[in-house]
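# Observations on the model geometry
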Amino acid sequence: MTQLAHAAPDVLSDFLTQLDTVPDFQFLKTPETGLAMVRGRTGGSGAPFNLGEVSMTRCVVSMPDSLTGKQIDGVAYIAGRDRSRTENAAKLDALFQDSAFGDELRTKILPRLSAANDDRKREKAAKTAATKVEFFTMERGS
């Protein structure tokens, strides 16, 4: 789910369109945007405090398992307001649990998702490193 939550929106929609057959999904909760309280800790390990609110979008879909017919629920909570991205993440979450699709997705899509997310992290780190300022101190006379 972490890989799905961090994936770029176009990557998720591309994966869904590449599938040969996509089952019919029913919405248990259509994509809806709200707020979630973000908590922090003083110094990273101190007393918790309410840092602020962040926009979150959630979606829950349901589909029958390809082999057993048992209902599978796909759930996605993603920071931000992108409803289509959240819907696609919920659909892929359900497909990962499916008897027929699950193994194929884990071997084909998950490594590509992971690689795409790693590439985005590296690009972001490179942009951040480009703006890094080095501070140094000089010792005053002895």
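Please read these numbers as outputs of a predicted model, since none were measured by experiment. (Residues numbered from 1 in each chain as written. Predicted model: local features only at pLDDT ≥ 70, side-chain atom pairs only at ≥ 80, totals over all residues. Heavy atoms only, no water.)

This brings us to the sheet that holds strand E1 (residues 26-41). In spatial order, the strands read E1-E2-E3; together these three strands make up an open sheet with antiparallel pairing. The open sheet terminates on both sides in strands that have one partner only, identified here as E1 and strand E3 (71-79). Adjacent strand axes in the sheet meet at a mean angle of 25°, parallel and antiparallel pairs treated alike. By the bridge criterion, nine bridges tie strand E2 (residues 48-64) to E3 in an arrangement that is antiparallel. Pairing of Pro 64 across the sheet is with Gln 71, part of E3. Contacting E1, E2 and E3, helix H3 (residues 83-97) runs over the sheet at an angle of about 145° to E3. (Pairing = 2+ DSSP bridges. Helix = DSSP H or I, 4+ residues; strand = E, 2+ residues; numbered from the N terminus. Axes fitted to C-alpha atoms, helices over the stretch in contact; angles between N-to-C directions. Contact = heavy atoms within 4.5 Å.)

Quick look at a nonpolar patch on the surface now. A cluster of nonpolar side chains, contributed by Val 38, Phe 49, Leu 51 and Val 54, occupies part of the molecular surface with about 300 Å² of accessible area. On the basis of relative accessible area, Leu 51 is assigned to the exposed category, the value being 57%. (Patch = residues over 30% accessible without salt bridge, like charges linked within 9 Å, V, L, I, M, F, W, Y side chains within 5 Å. Areas by Shrake-Rupley, 256 points an atom, 1.4 Å probe, with all protein chains shown as cover. Salt bridge = Lys/Arg side-chain N within 4 Å of Asp/Glu carboxyl O. Buried < 20%, exposed > 50% of the residue type's maximum accessible area, 1.4 Å probe, protein only.)

To continue, consider helix H2 (residues 9-18). Within the sequence span of H2, burial applies to Val 11, Leu 12, Phe 15 and Leu 16. Projection of H2 onto a plane perpendicular to its axis shows the buried side chains occupying an angular sector of 135°, all on one side. Buried residues belonging to H2 abut helix H1 (2-6), H3 and helix H4 (102-130). (Arc of directions from axis to C-beta.)

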